[in-house]
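Listed below are the residues making up each chain.
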Amino acid sequence: MSNNPIGIFDSGVGGTSIWKEIHHLLPNENTIYLADSANAPYGPKGSEKIKELSIKNTELLLKKGCKIIVVACNTATTNAIDYLRETYNVPFIGIEPAIKPAALQTKTNAVGILATKGTLSSELFSKTSGKFASNIKVIEREGKGIVELIESGKLYSDAMKAILLEYLQPMLKANIDHLVLGCTHYPYLIPILLELLPNHVTIIDSGAAVARQTKTVLEKNSLLNLSAETINLKFYTNGSIDVMYSLLGKGFDVKHLNF
Ligand SMILES: N[C@@H](CCC(=O)O)C(=O)O
């Protein structure tokens, strides 16, 4: 069982930002990544639809023998992880916008958060936000259009720069000193954001924390892979293989699969 793969899924290619953190921290683990790009973006879909898609992805990963599932998608986590944990008999790791560290560290008492509509409108997000950020100003912004541009291979484009400028403006006006990236596609924006943001704004992303949590849960459940066999890193997408390669780099085992 311990050499069974870690299953990771996202609405598309964004969760590869989480896969990179996991593979970096746990290089001896087999992994299977599912990019549900054909159904991206999840953000504007209702909670029930997001749940349904998360179930579909989970069941495919379980069929492939995954020992643990990482929901590498804020939108799927905030809308579906409670249901998944109640329903399936494997550990689940989720990702949520890191509003807590931002709220604890802010000196200007104002933080920005960029996330999808599905995340910002979820019960889980409003609970976390109410718990940790009730005394500070939180400028929320739906990152409308960002996932679509990344999924269509237009990460470094004038269109991307233009919408980011628009979304950041009210945050900068409110004097934020932290920007929380609340979607796993967004770490790929960091080089552009660094160009657009003043130096005093810290970008917060929870990818490394998710990898550490995955390691902790594997350890606790005696599921760390201790075998000396060569590991397998598999990627399945129901969208564009080229976009996967553009973010991962060539040389990985990326296959097209209808799911
Ligand atoms: N990867 C995204 C999903 C965005 C979307 O498909 O709208 C997230 O973390 O929320």
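Residues numbered from 1 in each chain as written. Predicted model: local features only at pLDDT ≥ 70, side-chain atom pairs only at ≥ 80, totals over all residues. Heavy atoms only, no water.

*Asks:* Give a description of the confidence of the model for the protein that names residues and reports values.
*Replies:* Detailed reading of predicted coordinates is not advised where the pLDDT is low. Mean pLDDT over the protein stands at 97; residues scoring 70 or higher make up 100%. Reported confidence for the predicted complex is 0.97 by ipTM and 0.97 by pTM. (pLDDT = per-residue confidence, 0-100.)

*Asks:* Just give me the short version of the UniProt feature "active site" (unreviewed entry) in the protein, but keep the residues and values in it.
*Replies:* Here, the residues flagged by UniProt with the feature "active site" (unreviewed entry) are C73 and C183. For this annotated set, covering 111 residues, all C-alpha atoms fall within 6.5 Å of each other, a compact arrangement in space. Looking only at the residues we just named, the largest cavity is lined by C73 and C183. Within the secondary structure layout, C73 lies in the loop between β3 (68-71) and α3 (74-87). Residue classification places C73 among the buried positions, given a relative accessible area of 4%. Filtering out sequence-adjacent residues up to four positions away, C73 remains in contact with F9, D10, S11, Y42, I95 and T184. Considering the arrangement of structural elements, one finds C183 in the loop between β7 (178-182) and α9 (190-196). Beyond its immediate stretch of four places on either side in the chain, C183 contacts N74, L114, T116 and V147. (UniProt positions renumbered as here; feature names shortened; annotations may be inferred. 1 Å grid on protein atoms, 1.4 Å probe; cavity = no way out; pocket = protein on both sides within 12 Å on 5 of 7 lines; lining within 4 Å. Helix = DSSP H or I, 4+ residues; strand = E, 2+ residues; numbered from the N terminus. Buried < 20%, exposed > 50% of the residue type's maximum accessible area, 1.4 Å probe, protein only. Contact = heavy atoms within 4.5 Å.)

*Asks:* Before we move on, could you go through the site of the ligand and cite the residues and values that matter?
*Replies:* For the ligand, the set of nearby residues contains 13 residues, the closest of which are S11, Y42, G43, N74 and T75. Measuring from an oxygen atom of the ligand, one finds a backbone N or O atom of Y42 at 2.7 Å. N74 is positioned such that a nitrogen or oxygen atom in its backbone is 2.7 Å from an oxygen atom of the ligand. Look at the ligand: alone it shows 300 Å² of surface, and the protein chains cover 99% of it. Placement of the ligand is best described as lying within the largest cavity. Looking at side-chain class alone, the shell around the ligand contains 5 nonpolar, 7 polar and 1 charged residues. (Near = heavy atom within 4 Å. Polar contact = N/O pair within 3.5 Å; in protein donor to acceptor, adjacent residues only side chain to side chain. Areas by Shrake-Rupley, 256 points an atom, 1.4 Å probe, with all protein chains shown as cover. Sits in = over half its atoms within 2 Å of the grid points. Nonpolar A, V, L, I, M, F, W, Y, C, P; charged D, E, K, R; others polar.)

*Asks:* Report on the sheet that holds β7, specifying residues and quantitative values.
*Replies:* Ordered in space as β6-β5-β7-β8, the 4 strands form an open sheet in which the pairing is parallel. Strands at the two margins of the open sheet, each flanked by one partner only, are β6 (137-142) and β8 (202-204). Across the sheet, the mean angle separating the axes of adjacent strands is 20° when strand polarity is ignored. By the bridge criterion, 3 bridges tie β7 to β8 in an arrangement that is parallel. If you follow V180 over to β8, its bridge partner there is I204. Contacts between helix α8 (residues 158-173) and the sheet are confined to β5 (110-115), β6 and β7, with β6 contributing the most and set at about 165° to the helix. (Pairing = 2+ DSSP bridges. Axes fitted to C-alpha atoms, helices over the stretch in contact; angles between N-to-C directions.)

*Asks:* Quick one: what's the story with the UniProt feature "binding site: substrate" (unreviewed entry) in the protein, residue by residue and with numbers?
*Replies:* Under the local residue numbering, the UniProt record ascribes the feature "binding site: substrate" (unreviewed entry) to D10, S11, Y42, G43, N74, T75, T184 and H185. A maximum C-alpha distance of 12.0 Å among these annotated residues, which run over 176 residues, shows that they cluster at one spot. From the list above, the largest cavity is lined by D10, S11, Y42, G43, N74, T75, T184 and H185. Inspection of the secondary structure assignment puts D10 in strand β1 (residues 6-10). Not counting chain neighbours up to four residues away, the residues in contact with D10 comprise G15, Y33, L34, A35, D36, A72, C73, T184 and H185. A distance of 3.2 Å separates a polar atom in the side chain of D10 from the backbone nitrogen of G14. Considering the arrangement of structural elements, one finds Y42 in the loop between β2 (31-35) and α2 (47-63). Under the relative-accessibility criterion, Y42 is labelled buried at 1%. Not counting residues up to four positions away in its chain, the partners in contact with Y42 are S11, D36, I50, L53, N57, C73 and T75.

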